[in-house]
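Overview (structure and organization)
Read off the chains here:
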Amino acid sequence: MAHFKRYLKEWQIKKEVLKTIEVLKNKRPIFHSEDDFKFAFSKILSEKLGNNFDIRLERPQEIEMIKRDNNRKIARAPIDIVIIDRINNILYPIELKYKTKKFETLHDKENYKLTEHGAVDIGRFSFRKDIFRIEQLTNKDHINVGFFIVITNEFKYLQNILNKDTLDKNFSFHNDMTLQKIDNSWNYEKLIKNGYLLNDNNTLSKNNKLHWTSTGDEFYKLDLKNEYKVEWKEYSNIDNETFYFSLIEIR
């Protein structure tokens, strides 16, 4: 019975998250930035959930991250939105991404000048990293399920690059794909063809200088506990500019 009640509560939370997206489609079909998206989303979500829930933005959590040389690090990482069920003492973390290409429009008497984010390869990697981080929180601190949500007007994110010789082909996030548990890493073969050496500690270097995929967050190993289906849907269309969203429930 307890398991059923928990499942029912998680289903209700997911329903309110989806309702929030539907409301935003009409009220806010475009955002100035990721922070703008985060604030608008949390405001509507709070209204949907009611008085028994609190919302926290940028709540820090300690997460164990593993690098490709197998070194481990406890990272104090802020989670974009955390839903707090005060009655049952359960947390629901949500990570958001808003990835844009350059676009300017006047909507509802408000000027929007979206930034050209570029670096789609790092963007794809960051999607998997957010999913990994939420997975690490499950079964800890009363967390059983969380969500990853991305909105973008950059169509490249929807394209299948698995069979292309790109650096980030193993991080493809195209429609109808299944994210595999094993992180197959960056396409090292492409770098090796360009003169880089794969070292014993799984770093790549050229002329004694490490490649950026061997430093910082991009060197994390992101093996997942579960597989996840990626589905993209249209979020909005403004002046013939289409925005898409994807939501993944993480357990």
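These remarks concern the structure in this document. What you are looking at is a predicted structure, and each value in this text was computed from that prediction instead of being measured.

Here we come to the overall build of the chain. Helix and strand counts for the chain come out as four helices and 13 strands. Here the C-alpha atoms of the chain give a radius of gyration of 19 Å, agreeing with the 18 Å that 2.2 N^0.38 yields for 251 residues. The dimensions of the chain, computed from C-alpha atoms along their principal axes, are 60 × 50 × 30 Å. Per-residue burial for the chain yields a buried fraction of 49% across its 251 residues. For the chain, the share of sequence-separated contacts (at least 6 apart) that also reach a separation of at least 24 residues comes to 65%. Summed over all atoms, the accessible surface of the chain reaches about 13,100 Å², with 45% contributed by carbon and sulfur. If the 44 positive side-chain charges of the chain are averaged to one point and the 39 negative ones to another, these points end up 2 Å apart.

This next bit is on the pattern of salt bridges. Under the counting rule described, the total for this entry stands at 21 salt bridges. For Arg-251, the salt bridge identified is with Glu-10, shortest N-O distance 2.6 Å. With a gap of 241 residues between them, Arg-251 in the segment after strand 13 (241-250) and Glu-10 in helix 1 (residues 2-27) connect regions that are remote in the sequence. Judged by relative accessible area, which is 2%, Glu-10 ranks as buried. One salt bridge in this structure joins Glu-58 and Lys-38, with 2.3 Å as the shortest N-O distance. Of this pair, Glu-58 sits in strand 1 (residues 53-66) while Lys-38 sits in helix 2 (residues 34-49), placing them 20 residues apart in sequence. Three or more residues joined by partner-sharing salt bridges are found here, namely Glu-10, Lys-14, Glu-249 and Arg-251.

Ranked by size, the top nonpolar core spans 39 residues in total, and within it Ile-131, Phe-173, Leu-179, Trp-232 and Ile-248 carry the most contacts. Going through the elements one at a time, strand 1, strand 2 (72-85), helix 3 (120-137), strand 6 (146-152), helix 4 (188-193) and strand 13 are the ones with two or more residues in this core. A per-element tally of this core places helix 3 first, with seven residues. Apart from residues no more than four positions distant in its own chain, Leu-179 is found in contact with Ile-131, Ser-172, Phe-173, Asn-226, Glu-227, Tyr-228, Val-230 and Ile-248.

Moving on to the packing of aromatic side chains. One pair of aromatic rings is described through two measures. These are the centre distance and the angle between the planes. Here the structure, examined in full by the defined rule, presents 17 aromatic pairs. Between Phe-31 and Tyr-98, the aromatic rings sit 5.6 Å apart at their centres with planes inclined by 90 degrees, giving edge-to-face as the arrangement. Taken together, the residues Phe-31 in the loop between helix 1 and helix 2 and Tyr-98 in strand 3 (residues 90-99) connect sequence positions 67 residues apart. Among the residues examined, Phe-31 registers a relative accessible area of 0% and is labelled buried. Classification of Tyr-98 as buried rests on a relative accessible area of 2%. Ring plane angle 70 degrees and centroid distance 4.9 Å describe the contact between Phe-171 and Trp-186, whose orientation is recorded as edge-to-face. Taken together, the residues Phe-171 in the loop between strand 6 and strand 7 (178-179) and Trp-186 in the loop between strand 7 and helix 4 connect sequence positions 15 residues apart.

Cut-offs used in this document
Residues numbered from 1 in each chain as written. Predicted model: local features only at pLDDT ≥ 70, side-chain atom pairs only at ≥ 80, totals over all residues. Heavy atoms only, no water. Helix = DSSP H or I, 4+ residues; strand = E, 2+ residues; numbered from the N terminus. Rg over C-alpha atoms; globule rule 2.2 N^0.38 Å. Buried < 20%, exposed > 50% of the residue type's maximum accessible area, 1.4 Å probe, protein only. Contact = heavy atoms within 4.5 Å. Areas by Shrake-Rupley, 256 points an atom, 1.4 Å probe, with all protein chains shown as cover. Lys, Arg positive; Asp, Glu negative; His and termini not counted. Charge placed at Lys NZ, Arg CZ, Asp CG, Glu CD. Salt bridge = Lys/Arg side-chain N within 4 Å of Asp/Glu carboxyl O. Core = buried A, V, L, I, M, F, W, Y, C linked by side-chain atoms within 4.5 Å. Phe/Tyr/Trp six-rings, centres within 6.5 Å; stacked < 30°, edge-to-face > 60°.

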